[in-house]
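Coordinate analysis (summary)
Here's the letter readout for the chains.
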Amino acid sequence: MASIGDRYSARWGELVLSGRMDQSPAICDLRVDPTCAFDRGEVLPSAARAIFRRTVRFDLATRSPVEKREPATVDPETNAALTVWGAGE
């Protein structure tokens, strides 16, 4: 399994599932299409679902926890400037 940003790819034997988190994944069979040029989702729906579920499970298990950030301390002059730009309180 590999991911970068919102893109991911997972391989199970000769099957490769790839896509973006906001779109339906594509699956290919390297035995019949070594370049992964054609989506075989209609032919392999069960395999696509199984690999996708495993990919999501792996992603959730290995995702880094969101770090809590310390609130910024802003002096009154900077806060006034931010307010002028619509970012202040």
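So, here is what we can say about the structure in this document.

About the criteria used
- Counting restarts for each chain: residues are numbered from 1 in the order of the written sequence.
- Two thresholds apply to this predicted model, a pLDDT of at least 70 for residue-level local features and 80 or more for giving and counting side-chain atom pairs, whereas whole-chain, interface and lining totals are computed over all residues.
- Heavy atoms throughout the structure, all of them, feed into the side-chain values; hydrogens and water do not.
- Helix numbering and strand numbering both begin at the N terminus, where a helix is a DSSP run of H or I of at least 4 residues and a strand a DSSP run of E of at least 2.
- Type-normalised accessible area, obtained with a 1.4 Å probe on protein chains alone, sets the label of each residue: buried when under 20%, exposed when over 50%, and partly exposed for intermediate values.
- The contact criterion used is simple: two residues touch if any of their non-hydrogen atoms lie within 4.5 Å.
- Ring geometry is summarised as follows: Phe, Tyr and Trp rings, the Trp one being its six-membered ring, pair when their centres sit within 6.5 Å, and such pairs are stacked at plane angles under 30 degrees, edge-to-face over 60 and tilted between the two.
- In plain terms, two cysteine sulfur atoms within 2.5 Å form what is called a disulfide here.
- Expected helix span is given by 1.5 Å per residue-to-residue step, counting one fewer step than there are residues.
- The reported arc concerns the directions from the helix axis to the C-beta atoms and nothing else.

It is worth spelling out the side chain of Thr-55 at this point. Checked against the element boundaries, Thr-55 lands in helix H1 (residues 45–62). A residue is classified by how much of its surface remains accessible, and Thr-55, at 6% relative accessible area, is buried. Contacts of Thr-55, omitting those with residues within four sequence positions, involve Met-1, Tyr-8, Ala-10 and Leu-17.

Before going further, it helps to spend a moment on the packing of aromatic side chains. One pass over the structure, following the stated rule, counts one aromatic pair. Their ring planes at 55° and their centres at 6.1 Å tell us that Tyr-8 and Phe-52 sit as a pair that is tilted. With Tyr-8 in strand S2 (residues 7–12) and Phe-52 in helix H1, this residue pair connects regions lying 44 residues apart in the sequence. The exposure class of Tyr-8 is buried, given its relative accessible area of 4%.

All right, on to the state of the cysteines then. On inspection of all chains with the given rule, the structure shows one disulfide. The residue that forms a disulfide with Cys-28 is Cys-36, at a sulfur-sulfur distance of 1.7 Å.

What follows concerns H1. Working note: α-helix, 3.6 residues per turn, so residues spaced by three or four point in the same direction. In a regular helix each residue adds 1.5 Å, so 18 residues correspond to 26 Å; H1 covers 26 Å between its end C-alpha atoms and thus fits that length. By the burial criterion, the buried members of H1 are Ala-47, Ala-48, Ile-51 and Thr-55. The buried residues of H1 occupy an angular sector of 95° when projected down its axis, which confines them to one face. Among the exposed residues of H1, those pointing more than 90 degrees away from its buried face are Leu-60 and Ala-61. The inward-facing, buried residues of H1 abut S2, strand S3 (15–20) and strand S4 (26–29).

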